[in-house]
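Working through the structure, step by step
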Amino acid sequence: MYSPIEYLKGVSAVRGDLLRKELQIFCYRDLLEHYPLRHVDKTKVDEIRSLTSSTEYAQVAGKLVSKQMMGEKSSKRLVAHLQDQTGIIELVWFQGINWADKLLQMGQTYLAFGKIGFFMGKPQMAHAELEVFVSQPKTKQYLEPIYPSTEKLKAKGLNGKAFAALTQEVIRSISEKDLPENLPQELLQQYKLMRRFDAIVQIHLPASEQHYRQAVRRLKFEELFFAQFTIQSLRINRHKTIRGWKFEKLGDLFNRFYEHELPFQLTNAQKNVLREIRKDTGSGHQMNRLLQGDVGSGKTMVALLSMLMAADNGFQSVLMAPTEILAQQHYNTISEQLKNLPVNVQLLTGSTTTKARRPILEGCENGTVQLLIGTHAIIEDKVIFKNLGFAVVDEQHKFGVAQRARLWKKNQIPPHILVMTATPIPRTLALTVYGDLDYSVIDELPPGRQPITTVHRYENARPQVMDFIKEQLALGRQAYIIYPLIEESSKVDYENLMKGFEEVKSFFPEPKYWISMVHGKQTAEQKESNMKRFASADTQILVGTTVIEVGVNVPNASVMVIESAEKFGLSQLHQLRGRVGRGAEKSYCVLLTGSKLSNDGRERLKIMTATNDGFKIAEKDLELRGPGEMEGTRQSGAFEFKLANIVEDKVMLEVARESVIAILENDPDLSLPENQPLKQYFQSRKGKTPWSKIS
Ligand code: ADP
Ligand code: MG
């Protein structure tokens, strides 16, 4: 199973090299895990006439009636036509031209398989899989596997079909002992899962469609099961083995704040989360909790109360924000809220001067700084704590997993960790990415919030939109106008921003109106001072890029205009919209777009105008983009499933998760005989799963 791939008949040194580089196939087992994309029924040949623009893939058999090299250099291509009794189809190659040219002989009949496109009403196949047609098939294997391949591999003759020969070669040489069962017998029976060996054989060379489906089902289950196994064993082990600081009491600071300083009533959801945190921190084990709550749901107050709890028990806390602006803002609000209490709060960011830094670092080390707010500057090695007991990570998705892990190393006993995220993620996704954390939700907004009205307008309505802003400004409110920044380094994006800024200025001339601008090319101080001018209402309009996206709080702002809204993802749009609707006034969000919209773009705008509910939006986002592209998950690598898809296989994910938890709770060390297959397999794969990297 672990023999190097070159040992296989048909794999030369050159092909072996390419297989490693292109598809990470190192050994036989890797090849067996290179699953087919689909199977073609070799007995079925489509008539060319029957192809329509809704045909996805087709297999046609026809005589080569023309072949021609066209274009030059990068647009060089080979164009050929196949004719059957019903029509003609065009085949075209931009790559692998020489290979196709050699194979294609005028007058010969070919079997071509590929994706169908239509060009000027005529069917076309680009980069068809091609072979000489030898009468009707011999049907020894009627479902023939087609594998994903790459252009480089194809150029060396390893196209989607050629892989089949290699895979068959491996399968011929193995038996069940090479691929031992890795799931407990009981699970196989309970969920009617095919055995592992059978499933791997059948996914490549299915005896029937039914067998294929069963094989896929079994292998998907296996993927989800072991993914959950990794993260759940982390979680359960942590509960068992990692000691945590015990917060014995609610003390003076917490009580005084709660009774005299709290500016509002907590929502029930906030109270529930506090209760969960209190229970965790009182248990003697380390807390690792994910707190999800929509924008504006009041996560910061939960964090503050928890940090007071820590201070009452003699511990220091940190609150880590992803940007300077946000750290500064947290610092301002929190020091204001704590102004009547004897709590030492400090701010530490990348732009804290060396002079100001020294006493802060000293205070952290000797324990006088009770609450340190900052950016990732607070987890640098130079920052040493006397007794860090509680750490809050705000807006999780801007922090890498590695950064989170550094918090652990700040003490011998790790601090309790509360991870807060404002980009709601659907439950399935949370279970996958943050499955090693315990999970809390604030599913309720503070009372009295007016829903934000969201509309979509085309760019030609910009003058009317600007007039609307004028009306709002006349009422004493403020407005944001946001431009997309696709890439931090993109010149075009900045040019658009600057053009936009000039245009906004022409609508809102000084000195009647004042505008500030914030973008990523400014220094931290520039950003800061521009934000401040807007926050203190010295300017009425803030023109900016998404640097303002996360967390910024200016309750007087009531209009959010998003330029080129079609270019933003759903979660980003929702985040941006969340910058308004924070005060008592009615707020508006205007999504401006060009007239040409993709289907997905249109769908996103539809959802945004239909709902304010972040969790609904997140579900939809997951559906539209797939898990790998979701905000906050890209860096996690937690989605490298070969077969499973957490959107489509949601139910299976839950089942796998529950099975894993049941097994681990019953037999945490996997010492029971029935769990031996599982244990052996898990140990053999350790370090190969991306989940092992999650802190
Ligand atoms: P987020 O969850 O997006 O971080 P914040 O913590 O910034 O939300 O809270 C948004 C606003 O709501 C803040 O101005 C905060 O003071 C206020 N707030 C928080 N909790 C409540 C509550 N229970 N009642 C009224 N206002 C609240
Ligand atoms: Mg927040």
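Residues numbered from 1 in each chain as written. Chains lettered and ligands numbered in written order. Predicted model: local features only at pLDDT ≥ 70, side-chain atom pairs only at ≥ 80, totals over all residues. Heavy atoms only, no water.

**Some words on the nonpolar core**
Judged by nonpolar contacts, the single largest core of 50 residues is most densely connected at Phe-221, Phe-225, Phe-226, Phe-229 and Leu-372. Element by element, the count of residues in this core is highest for helix 8 (residues 209–241), at seven residues. Two domains each put at least three residues into this core: domain 2 (176–241 + 649–695) and domain 3 (252–442). Every residue in contact with Phe-226, bar those within four places of it in the chain, is listed here: Asn-182, Leu-183, Leu-678, Tyr-681 and Phe-682. The next biggest cluster of nonpolar side chains, apart from the first, holds 40 residues, and it includes Leu-262, Ile-277, Leu-304 and Leu-341. (Core = buried A, V, L, I, M, F, W, Y, C linked by side-chain atoms within 4.5 Å. Buried < 20%, exposed > 50% of the residue type's maximum accessible area, 1.4 Å probe, protein only. Helix = DSSP H or I, 4+ residues; strand = E, 2+ residues; numbered from the N terminus. Domains from an automatic or database assignment. Contact = heavy atoms within 4.5 Å.)

**Notes on the site of ligand 1**
Near ligand 1 there are 16 residues, and of these Gln-265, Gly-296, Lys-299, Thr-300 and Arg-449 occur at the shortest range. Contact between ligand 1 and Lys-299: an oxygen atom at 2.8 Å from a side-chain N or O atom of the residue. At a separation of 2.7 Å, an oxygen atom of ligand 1 approaches a polar side-chain atom of Arg-449. (Near = heavy atom within 4 Å. Polar contact = N/O pair within 3.5 Å; in protein donor to acceptor, adjacent residues only side chain to side chain.)

**A few points about the pairing of strand 21 (residues 588–593)**
Within strand 21, five of the six residues are buried, leaving the element largely enclosed by the surrounding structure. Summarising the sheet, strand 20 (residues 557–562) and strand 21 pair through four bridges and their orientation is parallel. Looking across to strand 21, one finds that Val-559 is bridged to Tyr-588. (Pairing = 2+ DSSP bridges.)

**Section: the sheet that holds strand 17 (residues 478–482)**
Strand order in this open sheet of six strands is 16-21-20-17-19-18, and the pairing throughout is parallel. Both edges of this open sheet fall to strand 16 (453–458) and strand 18 (515–518), since each of them pairs with a single strand only. Here the average twist between neighbouring strands, direction ignored, is 20°. Here strand 16 pairs with strand 21 via six bridges, running parallel. The partner of Thr-453 across the bridge, within strand 21, is Tyr-588. Sitting on the sheet, helix 16 (residues 462–474) is in contact with strand 16, strand 17, strand 19 (541–544), strand 20 and strand 21, with an inclination near 165° to strand 20. Where helix 19 (residues 570–577) meets the sheet, its contacts fall on strand 16, strand 17, strand 20 and strand 21, and the angle it forms with strand 20 comes to roughly 155°. (Axes fitted to C-alpha atoms, helices over the stretch in contact; angles between N-to-C directions.)

**Quick word on the domain arrangement of the protein chain**
In terms of domains, the protein chain is made up of domain 1 (38–173), domain 2 (176–241 + 649–695), domain 3 (252–442) and domain 4 (453–611). Placing the centre of domain 3 and that of domain 4 at their C-alpha centroids yields a distance of 29 Å. Summing both partners gives a buried area of about 1,300 Å² for domain 3 against domain 4, and 60% of it is carried by carbon and sulfur. Counting the surface domain 3 buries against domain 4, the share from its top three residues, Val-295, Ile-325 and Gln-329, is 42%. At the junction of domain 3 and domain 4, the tally comes to zero salt bridges. Counting the contacts that link domain 3 with domain 4 gives one residue pair in polar contact (both at pLDDT 80 or more). Each residue belonging to the side of domain 3 that touches domain 4 can be placed in one class, and the counts come to four nonpolar, five polar and four charged. (Buried area = accessible area lost by both parts, 1.4 Å probe. Salt bridge = Lys/Arg side-chain N within 4 Å of Asp/Glu carboxyl O. Nonpolar A, V, L, I, M, F, W, Y, C, P; charged D, E, K, R; others polar.)

**Quick look at the pattern of salt bridges**
The tally for this structure, following the rule as stated, stands at 23 salt bridges. With its nearest N and O atoms 2.6 Å apart, the salt bridge here joins Glu-222 to Arg-218. Taken together, the residues span about one helical turn, with Glu-222 and Arg-218 both in helix 8 at a distance of four residues. Looking at Arg-218, the relative accessible area reads 0%, which means it is buried.

**As for the sheet that holds strand 14 (residues 416–421)**
Read from one edge to the other, the open sheet built from seven strands follows the order 11-12-10-13-14-9-15, with strand pairing classed as parallel. Each having just a single partner strand, strand 11 (345–348) and strand 15 (438–442) make up the two edges of the open sheet. Strand after strand, the sheet turns through a mean of 20° between neighbouring axes, direction not considered. Where strand 10 (residues 316–320) meets strand 13 (residues 388–393), five bridges bridge the pair, whose relative direction is parallel. Counted as the bridge partner of Val-318 is Ala-391 from strand 13.

**As for the environment of Val-216**
Locating Val-216 in the fold gives a position in helix 8. Classification of Val-216 by relative accessible area gives buried; the value is 14%. Between the C-alpha atom of Val-216 and that of Ala-199, which follows or precedes it by 17 residues, the distance is 7.2 Å. Each residue touching Val-216, except ones within four places of it in the same chain, is listed here: Ile-203 and Leu-643.

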